[in-house]
Amino acid sequence: MVEAVLIDLFSLPANLQNNIQELLHNTLEAIEKCSSIHALCVYVMCCQRQGSERKGDQEFLLPALRSFQSLKRKLEVVCAQTTAAALYTIKQRLDEKDLSIIKVILPTLRKDLMKVYIDHLFTAVYQFEFEDLQVVSDCENLQIPEHQHEGQTLPSQDAALIRSEIQMYLESLPSLKGELTILRSSLIPGDIFLHGFTTRTGGISYIPTLSSCNLFSSSKRRDPQVVVKENLRRLANAAGFNPEAFHRVKVDHANAVCIMGKTEPNNYDGIVTNQKGVTLAAPGADCIPVLFADPVRRACGAAHSGWKGTLLGVSMATVNAMVSEYGCNVKHILVVLGPSVGPCCYKLPHESAKEFHKIDPKCVRLFDSASPYIDIRRATRILLERGGLLPENIQDDSITDQNQNITFCTACHPDKFYSHFRDGTNFGTQIGFISIKD
């Protein structure tokens, strides 16, 4: 069942006021009939011409809106200078109400354009159907059809203009939750490497669990790729790396490692390079983003280490790739464990906890309980030391520094970090990143 209706009047010229009012009146009349069982949210999208006030732009719609008292509380007119701005505002309203099934009523000639905007600004969480802007005769038109009509593909030039419009609008938005903050380690030499760990501040993501510098998009979350790309652009500007030479691991919760310049695996949790100016990144929202740097051979790496990857030795696999590919000496490699869920909060079922207990009993607390507390950082550090890394070359603030400037517990600091463990399925993601300076 449709949860919201979007009426697109954006492209209709103001000199057709009477026609627009009649179209809007007829459309709202049909919506009102069909919303007697459940109250639909209705958004009317129109163009705000430059130099005009928002209120003035809405005045010609008022006669068509006044008679629909039952929709009054659920009806909003959204005026903006671009379609991207208007549609993004409506997306915010939908997200505030957790609505996902939307009917779009619009002029036929706008349908293919609107689909491009929607493809960029929304994810697979949302369902859309489209209907021509005309007199709607019965309530059946407000049901989601099994097969939606597929419009013709827009010329690539038009699609590129839409992408540019969206990008310009997102770039104009203010940062949320404060300034963009990057945590840096004193262990990694700043004259050779550019690196850092992100926090959740300084981006444009507005959904509470994703706010504000979310750096990962998926079909299951409400943050689209264009928003994540804008967050990354702001991070790149602040950190000083090229976002076009940015490579993030393709998380598989295993131990495969990608060697930059060689055939890329379908999935991998570690990545290494000796190329200058290439930024490697690993995500984390409880799992550990691990950074690797060899200042002697000038090579670096990043790894994503959750509990499965930790048990499979993804960090040591990344070290081994640096040794075999670039001739690194394990005693020269520096490793920094980024923000991740701490042993204060993280629990696993007893069967999984057994595997950490085998690494070292100190990795598990309350071992005899059904869900013991697990220290994936300690396990990672132990496995690296067993592989030949020097303890002093591994930074884990939860052990070595009570002041903690890098290895915070993500679950304990909702103001600073995202946490899947704390926030549930619609969680945001921070990253650790590293590159070799030119």
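Worth saying up front: this structure is predicted, and the values here are computed from it rather than measured. (Residues numbered from 1 in each chain as written. Predicted model: local features only at pLDDT ≥ 70, side-chain atom pairs only at ≥ 80, totals over all residues. Heavy atoms only, no water.)

What follows deals with the overall build of the protein chain. Counting its secondary structure elements, the protein chain contains 14 helices and 18 strands. When each of the 438 residues of the protein chain is scored for burial, the buried share is 53%. Contacts in the protein chain between residues far apart in sequence, at least 24 positions, make up 70% of those at least 6 positions apart. For the protein chain, the exposed area adds up to about 19700 Å²; of that, 49% sits on carbon and sulfur atoms. (Helix = DSSP H or I, 4+ residues; strand = E, 2+ residues; numbered from the N terminus. Buried < 20%, exposed > 50% of the residue type's maximum accessible area, 1.4 Å probe, protein only. Contact = heavy atoms within 4.5 Å. Areas by Shrake-Rupley, 256 points an atom, 1.4 Å probe, with all protein chains shown as cover.)

Looking now at the sheet that holds strand E17 (residues 394–395). Strand order in the open sheet formed by six strands is E9-E10-E13-E12-E14-E17, and the pairing between neighbours is mixed. The outermost strands of the open sheet, each flanked by one partner alone, are strand E9 (257–259) and E17. Examined bridge by bridge, E9 and strand E10 (residues 270–273) share three bridges and lie parallel to one another. Residue pairing for E10: Ile259 is matched across the bridge by Val272. Lying on the sheet, helix H10 (residues 314–326) is in contact with E9, E10, strand E12 (288–294) and strand E13 (299–305); it crosses E13 at an angle near 160°. (Pairing = 2+ DSSP bridges. Axes fitted to C-alpha atoms, helices over the stretch in contact; angles between N-to-C directions.)

As a further point, take the nonpolar core. Core analysis: the biggest nonpolar cluster contains 40 residues, and Leu87, Val104 and Leu170 have the highest contact counts within it. With seven residues, helix H5 (residues 83–96) is the single largest residue contributor to this core. Those residues in contact with Val104 that sit more than four places away from it in its chain are Leu6, Met114, Ile118, Phe128, Glu129, Phe130 and Glu131. (Core = buried A, V, L, I, M, F, W, Y, C linked by side-chain atoms within 4.5 Å.)

This part takes up the packing of H10 against helix H12 (residues 376–386). Direction vectors running N to C along H10 and H12 enclose 35°, while the axes themselves pass 8 Å from each other. In this structure, H10 crosses over H12, and the sense of that crossing is right-handed. Packed against H10, whose contacting residues are Ser315, Met316 and Val319, the element H12 presents Thr380, Leu383 and Leu384 at the interface. Class assignment for the residues of the contact of H10 with H12 results in four nonpolar, two polar and no charged. (Left-handed = near helix turned anticlockwise from the far one by under 90°. Nonpolar A, V, L, I, M, F, W, Y, C, P; charged D, E, K, R; others polar.)

In the predicted model, the protein chain carries a mean pLDDT of 90, and 89% of its residues have values of at least 70. Note on residues 135–151: pLDDT is under 50 here. Beyond four places in sequence and across chains, it has 32 contacts. (pLDDT = per-residue confidence, 0-100.)

Mapped onto the secondary structure, Gln92 falls in helix H5. In sequence terms Gln92 and Tyr206 are 114 residues apart; their C-alpha atoms lie 8.0 Å from each other.

Strands sit in the order E3-E2-E1-E4-E5 across an open sheet of five strands; the sheet is parallel. On the outer flanks of this sheet lie strand E3 (75–80) and strand E5 (127–132), each paired with one strand and no other. Here the average twist between neighbouring strands, direction ignored, is 20°. Sheet topology note: the strand E1 (residues 4–8)/strand E4 (residues 101–106) ladder contains four bridges and is parallel. Bridging from a neighbouring strand, Leu6 pairs with Val104 of E4. Of the strands in this sheet, E1, strand E2 (41–47), E4 and E5 are in contact with helix H6 (residues 111–121), which crosses E5 at around 165°.

It is worth spelling out the pairing of strand E14 (residues 334–337) at this point. Burial of the side chains of E14 extends over both faces: Leu334 and Val336 are buried on one face and Val335 and Leu337 on the other. For E12 and E14, the ladder comprises four bridges, and the chain directions are antiparallel. When the sheet's bridge partners are listed, Phe292 is paired in E14 with Val335. Here E14 pairs with E17 via two bridges, running parallel. For Val336, the partnering residue across the bridge sits in E17 and is Gln395.

Attention now moves to unusual backbone geometry. Omega for the peptide link from Ser211 to Ser212 comes to 5°, which places this bond in the cis form. Its place among the elements puts Ser212 in the loop between strand E7 (193–198) and helix H8 (225–239). Within the chain, Leu366 stands out as a residue other than glycine whose phi angle is a positive 60°. Counting through the fold element by element, Leu366 comes out in the loop between strand E15 (364–365) and strand E16 (373–374). We classify Leu366 as exposed; its relative accessible area is 52%.

Two elements in contact, helix H7 (residues 156–172) and H8, have axes separated by 10 Å at closest approach and are oriented at 55°. When the axes of H7 and H8 are compared, the pair comes out oblique. Classified by chirality, the crossing of H8 by H7 is right-handed. From H7, Ile166, Leu170 and Glu171 reach across to H8, where they touch Val226, Val227, Glu230, Arg233 and Arg234. Of the residues that constitute the contact of H7 with H8, the class distribution is four nonpolar, no polar and four charged. (Parallel < 35°, antiparallel > 145°, perpendicular 65-115°, else oblique.)

A complete count under the given rule lists 19 salt bridges for this structure. The partner of Glu76 in a salt bridge is Arg93, and the shortest N-O contact between them spans 3.1 Å. One end of the pair, Glu76, is in strand E3; the other, Arg93, is in helix H5, with 17 residues separating them in the sequence. Here Asp98 makes a salt bridge to Arg222, at a shortest N to O gap of 3.1 Å. Of this pair, Asp98 sits in the loop between H5 and E4 while Arg222 sits in the loop between E7 and H8, and the two are 124 residues apart along the sequence. (Salt bridge = Lys/Arg side-chain N within 4 Å of Asp/Glu carboxyl O.)

Let us now look at H8. With 15 residues, H8 should cover 21 Å at 1.5 Å per step; its first-to-last C-alpha distance of 20 Å lies within 8% of that length. Among all positions of H8, only Val226, Val227, Val228, Glu230, Asn231, Leu232, Arg234, Leu235, Ala236 and Ala239 are buried. Phi turns positive, to about 95°, at Gly240, one or two residues after H8. (Expected span 1.5 Å × (residues − 1).)

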